Amino acid sequence: MESIVKLYMRQRCHLCEDAKALLEELQKNWQFDIVEVDIDESDELTERYGITIPVIELHGEEIQAGIINKNFIVEAFSRKNVKYIG
């Protein structure tokens, strides 16, 4: 199964940019695709995630929000069987 990581974000959000850079760094060792979702394009998503972005979702589960911790994401990848290509 191909792993998809959704990054709920918005433009001009430095935490979102940091989260995207971290995910791109992790792609060097883990096999997954990043799907960026701009919450400002949906009233429902803006209402849901307004002040909690960035939010990282893996296999339909929100695994972290706000300030993203690399070690926490790596642990979640291991738990969720994201393919390690090391």
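As the structure is a prediction and not an experimental result, all values here were calculated from the model.

A. Just the overall build of the chain, in detail. Counting its secondary structure elements, the chain contains 3 helices and 5 strands. N-terminal to C-terminal, the α/β element order of the chain is β-α-β-α-β-β-α-β. Taken against the 2.2 N^0.38 rule, which gives 12 Å for 86 residues, the C-alpha radius of gyration of the chain at 12 Å falls within 12% of a compact globule. Its C-alpha atoms give the chain principal-axis dimensions of about 35 × 25 × 15 Å. Taking contacts inside the chain between residues at least 6 apart in sequence as the whole, the part at least 24 apart equals 64%. For the chain, the separation between the mean place of its 10 positive charges and that of its 17 negative charges on side chains is 5 Å.

B. Main features of the sheet that holds strand S3 (residues 55-58). Spatially, S4-S3-S1-S2-S5 is the arrangement adopted by the 5 strands of the open sheet, whose pairing is mixed. Lying at the two open borders of the sheet, with one neighbouring strand each, are strand S4 (61-65) and strand S5 (83-84). One ladder, built from 2 bridges, connects strand S2 (residues 30-38) with S5; its direction is antiparallel. Each residue of the ladder has a partner; that of Gln31, found in S5, is Lys83.

What counts, and at which threshold
Residues numbered from 1 in each chain as written. Predicted model: local features only at pLDDT ≥ 70, side-chain atom pairs only at ≥ 80, totals over all residues. Heavy atoms only, no water. Helix = DSSP H or I, 4+ residues; strand = E, 2+ residues; numbered from the N terminus. Rg over C-alpha atoms; globule rule 2.2 N^0.38 Å. Contact = heavy atoms within 4.5 Å. Lys, Arg positive; Asp, Glu negative; His and termini not counted. Charge placed at Lys NZ, Arg CZ, Asp CG, Glu CD. Pairing = 2+ DSSP bridges.

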